[in-house]
Amino acid sequence: MTTFHFVGIKGTGMSALAQILHDMNEQVQGSDIEKYFFTQEALEAKNIPIYPFRKENISDGLTVIAGNAFPDDHVEIAEAKAKNLPFYRYHQFLGEFIRKFTSIAVTGSHGKTSTTGLLTHVLKHAAPTSYLIGDGTGKGAPDSKYFVFEACEYRRHFLAYHPDYAVMTNIDFDHPDYFKNIDDVFDAFQQLAKQVKKAIVAFGDDPYLQKIQANVPVLYYGFDDENDFQASNLQATPNGTKFDVSVRNTFYGTFEIPLFGNHNVQNALAVIALCHYENVPLEIIQAHLKNYKGVKRRFNEKVLGDQVLIDDYAHHPREVRATIEAARQKYPTREIVAIFQPHTYTRTKTFLDEFAKSLQEADAVYLCEIFGSAREQNGNLTIRDLQEKIENAKLIELNTVHQLREHPDSVLLFMGAGDIQKYQRAYEQITP
């Protein structure tokens, strides 16, 4: 019996895939740097061995799966190739693996993780479902009918997939270190659309998704009248959002989600559209949208004294704006304080003005130093370049987080895709 060895097992997609194979009774192990990552908790809970990177980890009988962050000359990858072991990049392995199931790729510039989590939660109550969520969560059911997975557009990795369905949440310019412009991003999604086998569920209020050409039906969802699945009569409740859904102008049902913000209604609509197409009963969709508990690092709340602390992965101007909007809807009487750590120099430089505009939607703004990627140079950009564009924005460091005590009865939004959580942890430790 082969053992699957994951090079970079603490990566969010990698740890999820390792858990899936483990659940399906495969032998799994992996290696990574020794720094703590939140993804390792689930691996440790399943007793999946995690070793420090070293050449000796690679032995005969392994099938090696490597994370995309690691170059071919990485010590373990080079050893695997020297030994002629079966070797896959993460997206290549996943592309072959999904063929065993009715596969649903969830993709888009924003909202992938939240939509994957929500779809999985509903679908698994209709039929056995395996899933891979970009927050590091993965579960394998040996008798799975469905496989729901997050499909990332970065470096066109999602073109390794030929899924039965694709959910496309939006098309926006992101990953400026790879994509040239929005048209280049659209081209990648257009290529994926041609590879889908059964149907595409797409956000119809997005002008780029309206232009998608496919060989299968495209079902549109959104708020505009022209959509196949339309949400209307949105109502914020103390517990979330209530809304009606019409299918091709015929009333279908009223739904409730324990989430705030229009972006979450969009995500729920995508789930409703796909489940409707797969003939999942209305009652199952309604019941399990309503009792959804969320995914990691997406509007995760904690009460600390008189403040609410929220941890969110928002790292693009549109996501930052949506997170602030959701906080306002849920806590209309409280001061909203944004603590933001930009992720990568290229993204920060490309969207400097847009970040400033989005962050100004908050009542107060604190900025952490940019979390750079190993792939890039800083180009003399610093967090002060963003600070200059936001009136009254303050800089914050680990040893100055006590400043946040100056906002009693507030909502503190810790946002970013780097290690923003360390600022929240530092703050929690000093607060009485």
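Numbers given for residues are sequential positions, taken from 1 along each chain in its written order. It should be noted that, the model being predicted, local features are given only for residues of pLDDT at least 70 and side-chain atom pairs only at 80 or more, the latter also being counted only at that level, while totals for whole chains, interfaces and linings use all residues. With hydrogens and water stripped out, all remaining heavy atoms of the structure feed into the side-chain values.

**Topic: unusual backbone geometry**
Then comes step 1: The backbone of Asn249 shows a phi angle near 70°, a positive value even though the residue is not glycine.
Then comes step 2: The phi dihedral of Thr344 falls on the positive side, at around 75°, and the residue is not glycine.
Then comes step 3: Checked against the element boundaries, Thr344 lands in the loop between strand 18 (335-340) and helix 10 (345-350).
Then comes step 4: Per-residue accessibility, obtained with a 1.4 Å probe over protein chains only, is compared with the maximum for each type, and a residue is labelled buried under 20%, exposed over 50%, and partly exposed between these values. Residue Thr344 is classed as buried on the basis of its relative accessible area, which comes to 7%. Per the convention used, a helix needs a DSSP run of H or I reaching at least four residues, while a strand needs a run of E reaching at least two, with both numbered from the N terminus.

**Structural notes on the side chain of Gln29**
Then comes step 1: If you trace the backbone, Gln29 turns up in strand 2 (residues 27-32).
Then comes step 2: On the accessibility criterion, Gln29 (14% relative accessible area) is buried.
Then comes step 3: Excluding residues within four positions of it along the chain, Gln29 makes contact with Thr3, Phe4, His5, Phe6, Ile9, Ile48, Pro49, Tyr51, Asn57 and Leu62. Contact definition: two residues touch when any of their heavy atoms are within 4.5 Å.

**Quick word on the packing of helix 9 (residues 317-330) against helix 11 (residues 352-359)**
Then comes step 1: Interhelical geometry of helix 9 versus helix 11 gives an angle of 0° and a closest axis separation of 9 Å. Taken together, the axis directions place helix 9 and helix 11 in an arrangement best described as roughly parallel. Of helix 11, the residues touching helix 9 (which contributes Pro317, Val320, Arg321 and Ile324) are Glu354, Phe355, Lys357, Ser358 and Leu359.
Then comes step 2: Each residue is assigned to one of three groups, with Ala, Val, Leu, Ile, Met, Phe, Trp, Tyr, Cys and Pro labelled nonpolar, Asp, Glu, Lys and Arg labelled charged, and all others, Gly among them, labelled polar. Per-class residue counts for the contact of helix 9 with helix 11 are five nonpolar, one polar and three charged. Between N-to-C directions, angles cover 0 to 180 degrees, with each direction set by a line fitted to C-alpha atoms, over the stretch in contact for helices. Roughly parallel means an angle under 35 degrees; roughly antiparallel, over 145; roughly perpendicular, 65 to 115; everything else is oblique.

**Description of the pattern of salt bridges**
Then comes step 1: Whenever a carboxyl oxygen of Asp or Glu lies within 4 Å of a side-chain nitrogen of Lys or Arg, that contact is scored as a salt bridge. Considering all chains together, one arrives at 21 salt bridges under this definition.
Then comes step 2: Salt-bridge contacts for Asp228 lead to Arg248; the nearest nitrogen and oxygen are separated by 3.5 Å. Separated by 20 residues along the polypeptide, Asp228 in the loop between strand 12 (218-222) and strand 13 (229-237) and Arg248 in the loop between strand 14 (240-247) and strand 15 (250-257) bring together distant segments of the chain.
Then comes step 3: Using a relative accessible area of 18% as the deciding quantity, one classes Asp228 as buried.
Then comes step 4: Glu406 is the salt-bridge partner of Lys394, the closest N and O atoms lying 3.8 Å from each other. Here the residue Lys394 occupies a position in strand 20 (residues 394-395), and Glu406 occupies one in the loop between strand 20 and strand 21 (410-415), the gap between them amounting to 12 residues.

**Points about the pairing of strand 1 (residues 3-7)**
Then comes step 1: With five of its five residues buried, strand 1 lies for the most part within the structure.
Then comes step 2: Residues Thr3, His5 and Val7 of strand 1 are buried on one face, and the alternating residues Phe4 and Phe6, pointing to the opposite face, are buried as well.
Then comes step 3: A pair of strands counts as paired when DSSP detects no fewer than two bridges linking them. Sheet analysis places strand 1 next to strand 4 (residues 62-66), joined by five bridges and oriented parallel. Among the inter-strand pairings, Phe4 is bridged to a residue of strand 4, identified as Thr63.
Then comes step 4: Sheet topology places strand 1 next to strand 2; five bridges connect them, and they run parallel.

**With respect to the pairing of strand 21**
Then comes step 1: Counted residue by residue, strand 21 has six buried out of six residues, so it is predominantly covered.
Then comes step 2: The pairing of strand 17 (residues 307-312) with strand 21 spans five bridges and is parallel. Note on strand 21: the bridge partner recorded for Val308 is Val411.
Then comes step 3: Where strand 18 meets strand 21, six bridges bridge the pair, whose relative direction is parallel. Counterpart to Glu335 in the pairing with strand 21 is Ser410.

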